[in-house]
2 protein chains.
Amino acid sequence: VIPASDVRTFYRCALGFAQRARRVVLARRGRFRKSLKADSSWVTDVDRAVERELRSSILRRFPDHGIVGEEFGRHRPEAEFQWILDPLDGTLSFTHGIPFYGTLLGLHHRGRPLVGVIDHPALGLRYSAGLGLGSFKDGARLRVRDLEPGDRVSGEVLCMGDRARFAACGAAPGFDAVMRAHPAVRTYADCIGHTLAAEGAVGAMADYGIKLWDLAATQVLVEEAGGLYLRTYERRSGGETVYGAVFGKPAVVRWLSRFFT
Amino acid sequence: VIPASDVRTFYRCALGFAQRARRVVLARRGRFRKSLKADSSWVTDVDRAVERELRSSILRRFPDHGIVGEEFGRHRPEAEFQWILDPLDGTLSFTHGIPFYGTLLGLHHRGRPLVGVIDHPALGLRYSAGLGLGSFKDGARLRVRDLEPGDRVSGEVLCMGDRARFAACGAAPGFDAVMRAHPAVRTYADCIGHTLAAEGAVGAMADYGIKLWDLAATQVLVEEAGGLYLRTYERRSGGETVYGAVFGKPAVVRWLSRFFT
């Protein structure tokens, strides 16, 4: 067990790292070079600049911790503490000027999420959580209220990621069935859907075809807010593991996850 | 023809009206009462408070103009100038704390759009346009760049409204076909999709099953930014007319509208 004072230290440091990342993103917004990666997703020089900033900040403060980042791979994979980084989640949105991208940081201890931060630079919003400390949106405590007797799932807004990602996991039939079954399904793709679910604005989100760093901040953010997080899919593919997860208000998560099992 | 100086006056007044509306919305955020309307959409006391504020501001400044509002019907329907109001577009989002709702104002002269404003109070963003004056995002000129030779529609992000609204117009097959045909279709429903299309962040949006006030600001906003606006559907139903439209970058609008004709 990690002492609460240590979690608080990690949490405060993670907020500081996110603040440095935000400065890099905002300074480079609209001035980036993009290129296609091997998996045919986009990367920009801003993704790389942000990850370099995060890595050097983490190494300076916690030289014996490990780091896994989307752009630069693993450092100290044997360490108990692992920082998991997505410098720019929603690069497609970033390159098009859609303001719903973000920087993701998770700190895991032996695979267990301790701290999570999702920062939305263009919206000026930062969501953060620490195990046992609670979840916060710019300092305000988040508390997800589950459905109460008489509340209906149809009164919620649901969220899913891009259909192509579901299709890559064989989950397109589930995606299509949710679209038909519910009157308000929004594809607020990438991290904006995760933060909307963590604060209970959308009832739940199903996100498929995503990697470790896309999810590393989400579980602790959702659970510390009182939500339910279910990992519903996991498959190794080409040396990497691809995940699916459903998270948000517990009753809505149970309803939504049935389309994917 | 309306003199440019008159359009400028109307435009400046519309910005002032939107500012007053924003204050009402922000003061009432999170403190509202909601109820179901006859068409089974939600309305809140904030919708009504905003429309009352807009109506009294318009009547004071332009006593001989007409007004059509979502909540309180028609005033002076015979007037040449008509202000068309949606006090809170995206009420479902507003009631759930999803920040992508907005206040919509359009001024039409004999049916022709002269001025359009879409205000996003929770995002602190205001989009506005006047015929011959250009389109603006918080004062910065918007210019939509069309696809250039070598650019592909698949590289754009596309946007659609809620599927249930398409289904109500018999356009669900088009919705589903777009979802399958394109790798990045986002349902950024309601006015947030309109403003993302007006600035070229999404390549184009298709929005169906919507009313006059949902569209009253959009055409001039898109066209003055250099985009293309097509009305692709119109049907009277239960005393009201329901519309479908596709708007954004011209080449993307032409591609997307083929799914709905």
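Nothing here was measured: the structure is a model prediction, and the numbers come from that model.

1. What to know about the interface of chain A and chain B
Taken together, the 31 residues of chain A in the interface contact 31 residues of chain B. Both sides of the chain A and chain B interface together cover about 2500 Å² of buried area, and 57% of this is carbon and sulfur. It is His 96, Phe 100 and Arg 186 of chain A that lose the most area in chain A upon contact with chain B, and together they represent 22% of the buried surface on that side. Applying the counting criterion to the chain A and chain B interface returns five salt bridges. In this structure, the salt-bridge partner of Asp 162 of chain B is Arg 186 of chain A, at a minimum N-O distance of 2.6 Å. The interface formed by chain A and chain B holds eleven residue pairs in polar contact (both at pLDDT 80 or more) in total. For the side of chain A that touches chain B, the secondary structure elements donating two or more residues are α3 (91–96), α4 (163–168), α5 (172–181), β12 (185–186) and α6 (191–198) of chain A. It is α5 of chain A that contributes the most residues to the side of chain A that touches chain B, four residues altogether. A breakdown of the residues in the side of chain A that touches chain B according to their chemical character gives 18 nonpolar, six polar and seven charged.

2. A few points about the confidence of the model for chain A
Looking at chain A, the pLDDT average stands at 96 and 100% of residues meet or exceed 70. Overall fold confidence (pTM) sits at 0.96, and the ipTM for the predicted complex is 0.94.

3. A few points about the relation of the copies chain A and chain B
In screw terms, the move from chain A to chain B is a rotation of 180° and a rise of 0.0 Å along the axis, fitting with an RMSD of 0.0 Å. What the superposition gives is, in effect, a two-fold axis relating one chain to the other. Relative to the rotation axis, the closest C-alpha in chain A is found at Thr 187 of chain A, a distance of 2.6 Å. Interface overlap between copies: 100% of the residues of chain A at the interface are likewise at the interface in chain B, consistent with a symmetric, same-surface contact.

4. Re unusual backbone geometry
Residue and element names in this part refer to chain A. Positive phi values are uncommon outside glycine, yet Arg 76 reaches one of about 50°. You can see Arg 76 is positioned in the loop between β4 (73–75) and β5 (81–89). According to the relative accessible area criterion, Arg 76 is partly exposed, its value standing at 36%.

5. Description of the sheet that holds strand β14 (residues 228–237) of chain A
All names here are of chain A. One open sheet holds the five strands; their spatial order is β12-β11-β13-β15-β14, and the pairing between them is mixed. At either margin of the open sheet sits one strand with a lone partner, and together these are β12 and β14. Here six bridges tie strand β13 (residues 204–210) to strand β15 (residues 240–248), and the two strands are oriented antiparallel to one another. Of the residues in β15, the one forming a bridge with Tyr 208 is Gly 244. Where α6 meets the sheet, it contacts β11 (158–160), β13 and β15, and its direction lies at approximately 150° from that of β13.

6. A look at the pattern of salt bridges
Residues and elements named next belong to chain A. For the coordinates displayed, the defined rule picks out 33 salt bridges over all chains. Its salt-bridge partner being Glu 78, residue Arg 76 comes within 3.9 Å of it at the nearest N-O pair. Taking the relative accessible area as the measure of exposure, Glu 78 reaches 58% and is therefore exposed. Residues participating in the shared-partner salt-bridge network are Arg 22, Asp 119 and Arg 126.

7. Description of the sheet that holds strand β11 (residues 158–160) of chain B
Residue and element names in this part refer to chain B. Ordered by their spatial adjacency, five strands build an open sheet running β12-β11-β13-β15-β14, and the pairing between neighbours is mixed. Edge positions in the open sheet fall to β12 (185–186) and β14 (228–237), since each of these has one partner strand only. Its contacts with the sheet place helix α5 (residues 172–181) against β11 and β12, and it is angled at close to 155° to β11. Across the face of the sheet, helix α6 (residues 191–198) comes into contact with β11, β13 (204–210) and β15 (240–248) while running at roughly 150° to β13.

8. What to know about empty space enclosed by the protein
Residue and element names in this part refer to chain B. Applying the stated criterion across every chain, the model contains three cavities of 30 Å³ or more. Looking at the largest cavity, its volume works out to about 80 Å³. Taken together, Asp 89, Gly 161, Asp 162, Arg 165, Ala 189, Asp 190, Cys 191, His 194, Asp 207, Ile 210 and Asp 214 make up the lining of the largest cavity. Secondary-structure elements contributing two or more residues to the lining of the largest cavity are α6 and β13. Here the residues of the lining of the largest cavity are counted per class, giving three nonpolar, two polar and six charged. A volume near 70 Å³ is recorded for the second largest cavity.

Calculation rules
- Residues numbered from 1 in each chain as written.
- Chains lettered and ligands numbered in written order.
- Predicted model: local features only at pLDDT ≥ 70, side-chain atom pairs only at ≥ 80, totals over all residues.
- Heavy atoms only, no water.
- Contact = heavy atoms within 4.5 Å.
- Buried area = accessible area lost by both parts, 1.4 Å probe.
- Salt bridge = Lys/Arg side-chain N within 4 Å of Asp/Glu carboxyl O.
- Polar contact = N/O pair within 3.5 Å; in protein donor to acceptor, adjacent residues only side chain to side chain.
- Helix = DSSP H or I, 4+ residues; strand = E, 2+ residues; numbered from the N terminus.
- Nonpolar A, V, L, I, M, F, W, Y, C, P; charged D, E, K, R; others polar.
- pLDDT = per-residue confidence, 0-100.
- Least-squares fit on C-alpha atoms with pLDDT ≥ 70 in both.
- Buried < 20%, exposed > 50% of the residue type's maximum accessible area, 1.4 Å probe, protein only.
- Pairing = 2+ DSSP bridges.
- Axes fitted to C-alpha atoms, helices over the stretch in contact; angles between N-to-C directions.
- 1 Å grid on protein atoms, 1.4 Å probe; cavity = no way out; pocket = protein on both sides within 12 Å on 5 of 7 lines; lining within 4 Å.
- Points joined across faces, edges and corners; volume = space filled by probe spheres on them.

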